[in-house]
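# Examination of the molecular architecture
Listed here are the chains, written in short residue letters.
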Amino acid sequence: MKKYPRSILVTATVLFMAVAFLTACSVAEVNSGAGEKVEDLEYVILDEDRIPEELLPLIKERYEEAFQMTYTDNEYLYVCIGYGKQENSGYTIVVNDFFLRENGVLVDTSLIGPAAGEERINEAQYAYIVLRTQALEEEMPMYWK
């Protein structure tokens, strides 16, 4: 077994710890950067036939892969989250949180797979959801969780 000088081992350990610390700090800043919760946002989940005709083609351009996007008209903000192509049916998207923070909007969704024993269609499905809420007074960043 090759022996390394103690100074090299100490330097490598310090560098590793510095990188780990800086990485952890940047993740915490992204998650906490939107400030405190101000209020829950009311929303409606739209069926495909209720999605604005200008928005639907933009979704279909992206829905084979995971995506996140927003679209605004004069009245509403549309928040679109896609989980990409699924090999069969039975998937559901759950909205865990959707609220206004001091400096942005937090959107937290989860993809839930088919339940054990649930009948499935072995045909590709594209899992996405569109939330409609009132347009915000000012443009704010979105924080996806």
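This structure is a prediction, so every number in the text was calculated from the model and none was measured.

### Overview of the overall build of the protein
Secondary structure summary: the protein contains 2 helices and 8 strands in total. Along its sequence from the N terminus, the protein presents helices and strands in the succession α-β-β-α-β-β-β-β-β-β. Sorting the 145 residues of the protein into buried and exposed places 32% on the buried side. Looking at the protein alone, contacts between residues at least 24 apart form 70% of all its contacts between residues at least 6 apart.

### A word on the sheet that holds strand S6 (residues 104–112)
Here we have 4 strands laid out as an open sheet, ordered S1-S5-S6-S8, and mixed in their pairing. Of all strands in the sheet, those with a lone pairing partner are strand S1 (37–40) and strand S8 (142–144), marking the two edges. Direction aside, the axes of adjacent strands within the sheet are offset by 30° on average. Direction of pairing for S6 relative to S8: parallel, over a ladder of 3 bridges. By the bridge assignment, Val107 is partnered in S8 with Trp144.

### Comments concerning the environment of Glu119
Residue position: Glu119 is located in the loop between S6 and strand S7 (125–134). Measuring from C-alpha to C-alpha, the distance between Glu119 and Gly90 comes to 7.8 Å, with 29 residues separating the pair along the chain.

### Structural notes on the confidence of the model for the protein
In the predicted model, the protein carries a mean pLDDT of 82, and 77% of its residues have values of at least 70. Low pLDDT, under 50, characterises residues 6–32; the predicted model gives this stretch 4 contacts beyond four residues in sequence or across chains.

### A look at the pairing of strand S3 (residues 66–72)
Judged by which residues are buried, S3 turns out to be one-sided: Phe67, Met69 and Tyr71 face inward and are buried, whereas Ala66, Gln68, Thr70 and Thr72, on the alternate face, are not. Bridge count between S3 and strand S4 (residues 76–86): 7 bridges; the pairing is antiparallel. Note on S4: the bridge partner recorded for Ala66 is Tyr83.

Reading guide: rules and limits
Residues numbered from 1 in each chain as written. Predicted model: local features only at pLDDT ≥ 70, side-chain atom pairs only at ≥ 80, totals over all residues. Heavy atoms only, no water. Helix = DSSP H or I, 4+ residues; strand = E, 2+ residues; numbered from the N terminus. Buried < 20%, exposed > 50% of the residue type's maximum accessible area, 1.4 Å probe, protein only. Contact = heavy atoms within 4.5 Å. Pairing = 2+ DSSP bridges. Axes fitted to C-alpha atoms, helices over the stretch in contact; angles between N-to-C directions. pLDDT = per-residue confidence, 0-100.

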